[in-house]
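# Examining the three-dimensional arrangement
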Amino acid sequence: MSRTVESEPRVSAPVLAAYSYCEAVTGQQARNFAYGIRLLPTPKRRAMSALYAFSRRVDDIGDGALAPDVKKIRLDETRSLLGRIHDGSVAEDDTDPVAVALSHAARHFPISLGGLDELIDGVLMDVRGETYETWDDLKVYCRCVAGAIGRLSLGVFGTEPGALHAERAPEYADTLGLALQLTNILRDVREDALEGRTYLPADDLAKFGCSAGFERPEPPAGSDFAGLVHFEVRRARALFAEGYRLLPLLDRRSGACVAAMAGIYRRLLDRIERDPEAVLRGRVSLPGREKAYVAVRGLSGLDARNVARQAVRRRT
């Protein structure tokens, strides 16, 4: 995949308004994501906002209070809309700003919209209340809801001309998506439990005596909850180390965007590792000033170099 052109023809007023709507949604509902994409040139930032706004719509259907059969209908309707976006039949004056913005982005960047089909498949797994026996089972879900987004984003970022191993960029983007999603799962373990959802593999829960679940603000009686968290943290760190191989394949600003988003999640992982039971007491988060600091490190390449050094130490 070659690097995408960062300039574009003049954007019409309806399309500009649609992008503004998507950027507002992103800024309000995806603070971590928004910190990363602000490092991108305007055309790429707008395209990433359109991708996020569509993804947010899908997630909101899955997370909402509608009955499961109604959620399935809404997801089918959203898949039909995606089909219209894919075949180019959404007009610039359409009343749906997310559809207008994503249609424009898909015309200007080689975005593989099939990844959004995968996202819908993953949310349907949530609607059905699926659980996962093994890590391999959970990876299928993570690849739908996060790996696919990594591959979609790569269509906006592009790769540097002549970059070695550029053909592996989709694989690395997918792996980085898995790392982010596993971090999300750890952070939200109690919130998800209160919604009746369990994502961590049943095999892992049994190994650490945590099969009783996480509905209470303390670990299950007699469990090694800290051991479970540290086990999953190590798994996530290995995924981050592999996924960070994507960064040298991107241009500087796209690489900084990815490094900033991934860096925020790696710092969340650090906090969870230091105090595993914090995820049972409430949502672990970073203050805005720390996110800004991570963004600066992303631009400088410091986080990427640190992860690369850590990966080398683990292999030796």
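This one's a predicted model, so the numbers in the text were calculated from it and none came from an experiment. (Residues numbered from 1 in each chain as written. Predicted model: local features only at pLDDT ≥ 70, side-chain atom pairs only at ≥ 80, totals over all residues. Heavy atoms only, no water.)

## Side note on the overall build of the protein chain
Spelled out, the test is: Helix numbers and strand numbers start at the N terminus; a helix is a DSSP run of H or I with at least 4 residues, a strand a run of E with at least 2. For the exposure calls, accessible area comes from a 1.4 Å probe over protein chains only, and a residue counts as buried if that area is under 20% of its type's maximum, exposed if over 50%, partly exposed in between. In this description, contact between two residues means that some pair of their heavy atoms is separated by no more than 4.5 Å. Accessibility throughout is a Shrake-Rupley quantity obtained with a 1.4 Å probe, and a residue counts as covered only by protein chains that appear here.
Regarding its fold elements, the protein chain presents 15 helices and 0 strands. When each of the 316 residues of the protein chain is scored for burial, the buried share is 53%. Of the contacts made within the protein chain by residues no fewer than 6 positions apart, 74% connect residues no fewer than 24 positions apart. Total accessible area on the protein chain is roughly 14300 Å²; 51% of this is exposed by carbon and sulfur atoms.

## Considering the nonpolar core
Defined as follows: What makes a nonpolar core is a set of buried Ala, Val, Leu, Ile, Met, Phe, Trp, Tyr and Cys residues whose side-chain atoms join them at distances within 4.5 Å.
With 101 residues, the main nonpolar core has Phe54, Leu116 and Phe214 as its most contacted residues. With 11 residues, helix H7 (residues 135-157) is the single largest residue contributor to this core. For Phe214, the residues in contact, after removing those within four places along its chain, are Val189, Arg190, Ala193, Leu205, Pro220, Phe225, Leu228 and Leu280.

## Quick word on the side chain of Ser254
Checked against the element boundaries, Ser254 lands in helix H12 (residues 252-274). The contacts of Ser254, once residues within four sequence positions are left out, are Leu40, Lys44 and Phe157.

## Observations regarding the pattern of salt bridges
Note the cut-off: Put simply, a salt bridge is a Lys or Arg side-chain nitrogen that is within 4 Å of an Asp or Glu carboxyl oxygen.
If you walk through the whole model with that rule in mind, you get 25 salt bridges. Among the salt bridges present, the one from Asp188 reaches Arg187, with a minimum N-O distance of 3.0 Å. Residue classification places Arg187 among the buried residues on the basis of a relative accessible area of 10%. The shortest N-O distance in the salt bridge between Arg281 and Asp275 comes to 2.5 Å. Overall, Arg281 belongs to the exposed group, its relative accessible area being 52%. Sharing partners across several salt bridges, the network here consists of Glu118, Arg143, Arg151 and Asp174.

## Describing unusual backbone geometry
Backbone geometry at His165 places phi at a positive 65°, although glycine is not the residue there. On the secondary structure map, His165 appears in the loop between H7 and helix H8 (169-187).

## Some details on the environment of Ser55
Position of Ser55 among the secondary structure elements: in helix H3 (residues 42-63). With a relative accessible area of 9%, Ser55 lands in the buried category. Residues Ser55 and Val145, spaced 90 residues apart in sequence, show a C-alpha to C-alpha distance of 9.0 Å. Contacts of Ser55, omitting those with residues within four sequence positions, involve Leu116, Leu119 and Ile149.

## Here we look at the packing of aromatic side chains
Here is the rule: Classification of ring pairs rests on two measures: the distance between centres of Phe, Tyr or Trp rings, Trp counted by its six-membered ring, which must be within 6.5 Å, and the angle between planes, read as stacked under 30 degrees, edge-to-face over 60 and tilted in between.
Counted according to the given criterion, the structure contains 5 aromatic pairs. Ring centres of Phe240 and Tyr244 lie 6.5 Å apart, and the angle between their planes is 65°; on these two criteria the pair is classed as edge-to-face. Tyr244 matches Phe240 in its accessibility class, with the two residues each being buried. Joined through ring pairs, the aromatic side chains of Tyr132, Tyr141 and Tyr199 make up one cluster.

## Comments concerning the confidence of the model for the protein chain
Close inspection of predicted coordinates is inappropriate for parts of the model with low pLDDT. Inclusion rule: The pLDDT value expresses, per residue, how confident the predictor is, ranging between 0 and 100.
For the protein chain, per-residue confidence averages 89 on the pLDDT scale, and 90% of positions sit at 70 or higher. Mean pLDDT across the elements of the protein chain bottoms out in helix H15 (residues 302-315) (51) and peaks in helix H10 (residues 202-207) (98). Overall, residues 1-7 carries pLDDT values under 50, and its contacts beyond four positions in sequence, including any with other chains, amount to 23 contacts.

## So, helix H5 (residues 97-108)
The following threshold applies: Expected span, for any helix, means 1.5 Å times one less than how many residues it has. N or O atoms within 3.5 Å of each other form a polar contact, as long as, within protein, one can give a hydrogen and the other can take it, and as long as residues adjacent in sequence are counted only when both atoms are side-chain atoms.
With 12 residues, H5 should cover 16 Å at 1.5 Å per step; its first-to-last C-alpha distance of 17 Å lies within 8% of that length. Of all the residues in H5, the buried ones are Val98, Ala99, Val100, Ala101, Leu102, Ser103, His104 and Ala105. Looking at the packing, one finds that the buried side of H5 touches helix H1 (13-29), H3, helix H4 (68-86) and helix H6 (114-127). Capping of H5 at its N-terminal end is provided by Asp96; its side-chain oxygen lies 3.1 Å from the backbone amide nitrogen of Val98.

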